[in-house]
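Each chain, letter by letter, is given below.
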Amino acid sequence: MEKNSRIFVAGHRGLVGSAICRALERQGYTDLVLRTHAELDLTDRATVLEFFKQEQPEFVFLAAARVGGILANDTFPADFIRENLEIQTSVIDASYQARVKRLLFLGSSCIYPKLAPQPIKEEYLLTGPLEPTNRAYALAKIAGIEMCWSYNRQYGTEYLAAMPTNLYGPGDNFDLKGSHVLPALMRKVLEAKRAGEKKLAVWGTGRPRREFLYSDDLAEACVYLLNLPENMYRPLITQNEAPLINIGTGEDLTIRELAELVARVLDFECELIFDLSRQDGTPQKLLDVSRINALGWKAKVTLEEGIRRTYLSAQSQLELAAS
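The paragraphs below set out a description of the structure included in this document. Along each chain, the written sequence defines residue order, and numbers are assigned to residues from 1. Predicted model: local features are reported for residues with pLDDT of at least 70 only, side-chain atom pairs are reported and counted for 80 or more only, and whole-chain, interface and lining totals are derived from all residues. Heavy atoms throughout the structure, all of them, feed into the side-chain values; hydrogens and water do not.

**Quick notes on the overall build of the protein**
Next, step 1: Within the protein, the secondary structure is distributed over 12 helices and 13 strands.
Next, step 2: Every radius of gyration here is taken over C-alpha atoms, with the globule rule written as 2.2 Å times N^0.38, N being the number of residues. Since a compact globule built from 323 residues should have a radius of gyration of about 20 Å, the 19 Å found for the protein is in line with a globular shape.
Next, step 3: Once the C-alpha set of the protein is aligned to its principal axes, its extents read approximately 60 × 40 × 40 Å.
Next, step 4: Put simply, the protein has 323 residues, and 54% of those count as buried. Labels follow the DSSP assignment, with helices taken as runs of H or I lasting at least four residues and strands as runs of E lasting at least two, numbered in each case from the N terminus. Three exposure classes are used, based on accessible area relative to the maximum for each residue type with a 1.4 Å probe and protein chains only: buried under 20%, partly exposed in between, and exposed over 50%.

**Focus: the side chain of N166**
Next, step 1: Positionally, N166 belongs in strand β6 (residues 166-168).
Next, step 2: Throughout this description, a polar contact denotes any pair of N or O atoms lying within 3.5 Å of each other; where both atoms belong to protein, one of them has to be capable of donating a hydrogen while the other can accept it, and for residues adjacent in sequence the pair is counted only when both atoms sit in side chains. At 3.0 Å, the side chain of N166 forms a polar contact with the backbone oxygen of E211.
Next, step 3: We call two residues contacting when some pair of their heavy atoms lies within 4.5 Å. If sequence neighbours within four positions are ignored, N166 has contacts with S109, R210, E211, F212, L213 and K285.

**A closer look at the pattern of salt bridges**
Next, step 1: By salt bridge we mean one thing: a side-chain nitrogen of Lys or Arg within 4 Å of a carboxyl oxygen of Asp or Glu. What the rule picks out here adds up to 27 salt bridges.
Next, step 2: The partner of R234 in a salt bridge is E230, with the nearest N and O atoms 3.9 Å apart. In this pair, R234 and E230 both sit in helix α8 (residues 230-238), 4 residues apart, roughly one turn of the helix.
Next, step 3: Its relative accessible area of 31% is what places R234 among the partly exposed residues.
Next, step 4: Taking relative accessible area as the criterion, E230 reaches 38% and is therefore assigned partly exposed.
Next, step 5: One salt bridge connects R309 with E305, and the closest N-O pair in it is separated by 3.1 Å.

**Brief notes about the packing of helix α9 (residues 255-265) against helix α11 (residues 303-313)**
Next, step 1: Packing of α9 against α11 leaves a shortest axis separation of 10 Å and a crossing angle of 55°. Put simply, α9 runs oblique to α11. Between α9 and α11 lies a crossing whose hand is right-handed. Contacts from L258, L261, V262, R264 and V265 in α9 reach L303, E304, I307 and R308 in α11. An axis is simply a line fitted to the C-alpha atoms; with a helix, the fit covers only the stretch in contact. Between two such axes, the angle follows the N-to-C directions and lies from 0 to 180 degrees. Here is the rule for angles: anything less than 35 degrees is roughly parallel, anything more than 145 is roughly antiparallel, 65 through 115 is roughly perpendicular, and the remaining ranges are oblique. The sense of a crossing depends on the near helix, which, turned anticlockwise from the far helix by less than a right angle, makes the crossing left-handed and, turned clockwise, makes it right-handed.

**Here we look at the sheet that holds strand β8 (residues 209-210)**
Each strand in a sheet pairs with its neighbour through backbone hydrogen bonds, running either in the same direction (parallel) or in the opposite one (antiparallel).
Next, step 1: Any two strands are treated as partners once DSSP identifies two or more bridges connecting them. If you walk across this open sheet you meet the 3 strands as β11-β8-β13, and the pairing is mixed. Taken across any chain shown, the strands that pair with only one partner, and hence form the sheet edges, are β11 (253-254) and β13 (284-285).
Next, step 2: Across 2 bridges, the pairing between β8 and β13 is parallel. Counterpart to R210 in the pairing with β13 is K285.

**Remarks on the sheet that holds strand β2 (residues 31-33)**
Next, step 1: Across the sheet, which stays open at both edges, the 6 strands sit in the order β2-β1-β3-β4-β5-β10 with parallel pairing between neighbours. Since the sheet does not close on itself, it has two edges, and those belong to β2 and β10 (244-247), each with one partner. Mean inter-strand twist for the sheet, computed between neighbouring axes without regard to direction, equals 20°.
Next, step 2: Judged from the 4 bridges that link them, strand β4 (residues 102-106) and strand β5 (residues 159-164) form a sheet pairing that is parallel. Residue pairing in the sheet places F105 in a bridge with A161 of β5.
Next, step 3: On the sheet, helix α4 (residues 77-97) packs against β3 (59-62), β4 and β5 and is oriented at approximately 170° with respect to β3.

**Focus on the packing of helix α2 (residues 45-55) against α4**
Relative orientation and spacing of two packed helices are given, respectively, by the angle between their axes and the distance between those axes.
Next, step 1: In contact at an axis separation of 9 Å, α2 and α4 are set at 35° when each is read in the N-to-C sense. The two elements α2 and α4 cross, and the hand of that crossing is right-handed. Between α2 and α4, the residues in contact are R45, V48, L49 and F52 and T89, S90, V91, D93, A94, S95 and Q97, respectively.

**Here we look at the pairing of β4**
Here is the key point about a regular strand: its side chains alternate between the two faces of the sheet.
Next, step 1: Burial of β4 is extensive: 5 of the 5 residues sit out of reach of the surface.
Next, step 2: The side-chain alternation of β4 yields two buried faces, one formed by R102, L104 and L106 and the other by L103 and F105.
Next, step 3: Across 4 bridges, the pairing between β3 and β4 is parallel. Considered in β4, the bridge of F61 is made with L104.
Next, step 4: Orienting the strands away from the viewer, one traces the path from the first strand over the helix to the second; a clockwise path indicates a right-handed crossover. The handedness of the β4 to β5 crossover, carried by helix α5 (residues 135-155), is right-handed.

**Some words on unusual backbone geometry**
Next, step 1: Cis geometry is found at the peptide bond from Q118 to P119, where omega equals -10°.
Next, step 2: Relative to the helices and strands, P119 is located in the loop between β4 and α5.
Next, step 3: Of note in this structure, Q56 is not a glycine but carries a positive phi near 50°.
Next, step 4: Within the element layout of this structure, Q56 appears in the loop between α2 and β3.
Next, step 5: A positive phi angle is found at D267, which is not glycine, with a value near 55°.

**A short note on α2**
Next, step 1: Within α2 the residues assigned to the buried category are V48, F51, F52 and E55. Buried residues in α2, looked at end-on, bunch into an arc of 95°, giving them a common side. When the buried face of α2 is taken as reference, the exposed residues oriented beyond 90 degrees from it are A46 and Q54.
Next, step 2: Against β1 (6-10), β2, β3 and α4 lie the buried residues of α2. Arc definition: directions from the helix axis to the C-beta atoms.

This is the structure we're talking about:
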């Protein structure tokens, strides 16, 4: 990408999209094409196609999606599969029609089988049953990967799918009804501190292992991937398997250890109370990141530092939500 390349970031107000915008701006890119949901409904194929014809972006980061934690996925599966299928179908096809040079489709590690061998390699896709609580969302993302692959094979496009591990960072969702585990724990800690309590409720047994990636690290990886020279990028999209690459830290911890870390960073001494009526989800999700590491990229922000940065960036929002 040239510094004056026309770049469309779909979902620029979300956790991932906003981080990608920050990364692009830090690196001196000057022609970002951005639209809010009110300005452009990405589920409307005709409107999206007209937008692409008018704006003619050269590169696309497809970070727009309906996302949520276990509760949201399990409660609204129809919304998750419908909206995500509509968004990615509209943007990927319009990118082809407008002759976009490269597109990066952002997925999720939940695309992999629930009991996949650890760490999870890219080739484990479609080798076993999915985690039931977020199957609808996962299937939508798998369809997006297949769509990128199909367009590459049939039309010669250069679309790559990136699968990040669990994300957190500035702009995260701290609503307990729809958030993921890390921001939910941060909010619970602040609510407990405000109420003068000495206990922290944690869903499930605390035994599942999870990997976490700071959103600005992910963004740097995304920009890095679309900037790869042709001799490094082409093999990622022309191999005899899905054009898929994992993005993560290569390290995980238990939910218990995560809760203890969040409490320590936010200066909260407490007893952990595990709600065994809540589902654990997948026992472990640790990505094999050897492929992206071999390309020259590695995560930089430690989990402790990332939690601290996330709290500082959202301190007023969190304290208001906890009040």
